[in-house]
Structure formats: C-alpha cells, structure tokens
Amino acid sequence: MNLASRVETAQMSDDDLDRVSGGLAVGGSGGLHIETPIADLCADLVAVASPEGLTAGAGVSAATL
C-alpha cells in the first residue's frame, strides 16, 4: 500500500507567479559609518517600492571605544 499523498501540477501564468513569489519590486539602501577616537557611529537607510506599497526603514547605532 502506498501512503504517499498525490500531488497535482498546474500551469501558472507569469502574473500569478509574480504574485506568489513576491512580485516586482525596486529598492535602495545606503549607510554611513564614522569612527572617532571615542566612539563608532553607524546609520543605515533602506527603502523598497512594489505594487503593494512602499516600505522604508532606518537604523542608528553607536559604540564607545
């Protein structure tokens, strides 16, 4: 007796595949790192635009030496 489940295949259009795989998007990022005698400072920016909307984020960190 074969207990493996049956799997059916189906054709997907390019539009359906884009929606399943995350679609089309464009993004950018940038960063800045400053090292001083008393501390390290870092800042990062990121933005991604897709048909579903815009996502943006920023981060800042500092560490003393």
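Keep in mind it's a predicted model, so treat the numbers as computed, not measured.

Draft legend 1. Summary view of the overall build of the protein chain. The secondary structure content of the protein chain amounts to one helix and three strands. Ordered by position from the N terminus, the helices and strands of the protein chain form the series α-β-β-β. Across the 65 residues that make up the protein chain, the buried fraction comes to 2%. For the protein chain, contacts bridging at least 24 residues in sequence account for 24% of all contacts bridging at least 6. A total of about 5900 Å² of accessible surface is found on the protein chain, and carbon and sulfur atoms cover 59% of it.

Draft legend 2. Local environment of the sheet that holds strand 1 (residues 26-35). As summarised here, the arrangement of the three strands in space is 1-2-3, forming an open sheet in which the pairing is antiparallel. Edge positions in the sheet fall to strand 1 and strand 3 (53-64), since each of these pairs with one other strand and no more. When strand polarity is set aside, the average angle formed by the axes of neighbouring strands in this sheet is 5°. Relative to strand 3, strand 2 (residues 39-50) is paired through 12 bridges, and the arrangement is antiparallel. Among the inter-strand pairings, Leu-45 is bridged to a residue of strand 3, identified as Ala-58.

Draft legend 3. Focus on a nonpolar patch on the surface. Taken together, the side chains of Leu-32, Ile-34 and Leu-41 present a nonpolar region at the surface, about 260 Å² in accessible area. Relative to the elements of secondary structure, Leu-32 occurs in strand 1. Residue class for Leu-32 comes out exposed when judged on its relative accessible area of 51%.

Draft legend 4. Here's a closer look at the pairing of strand 2. Sheet topology places strand 1 next to strand 2; 10 bridges connect them, and they run antiparallel. The residue bridging Ile-34 from the neighbouring strand is Leu-41, located in strand 2. Count of turn residues in the strand 2/strand 3 antiparallel hairpin: two residues.

Draft legend 5. Structural context of the pairing of strand 1. For strand 1, the tally of buried residues reaches only zero of 10 residues, placing the bulk of the element at the surface. Adjacent in sequence and paired antiparallel, strand 1 and strand 2 are bridged by three residues.

So, how was this worked out
Residues numbered from 1 in each chain as written. Predicted model: local features only at pLDDT ≥ 70, side-chain atom pairs only at ≥ 80, totals over all residues. Heavy atoms only, no water. Helix = DSSP H or I, 4+ residues; strand = E, 2+ residues; numbered from the N terminus. Buried < 20%, exposed > 50% of the residue type's maximum accessible area, 1.4 Å probe, protein only. Contact = heavy atoms within 4.5 Å. Areas by Shrake-Rupley, 256 points an atom, 1.4 Å probe, with all protein chains shown as cover. Pairing = 2+ DSSP bridges. Axes fitted to C-alpha atoms, helices over the stretch in contact; angles between N-to-C directions. Patch = residues over 30% accessible without salt bridge, like charges linked within 9 Å, V, L, I, M, F, W, Y side chains within 5 Å. Salt bridge = Lys/Arg side-chain N within 4 Å of Asp/Glu carboxyl O.

Nothing here speaks to function; it is geometry throughout.
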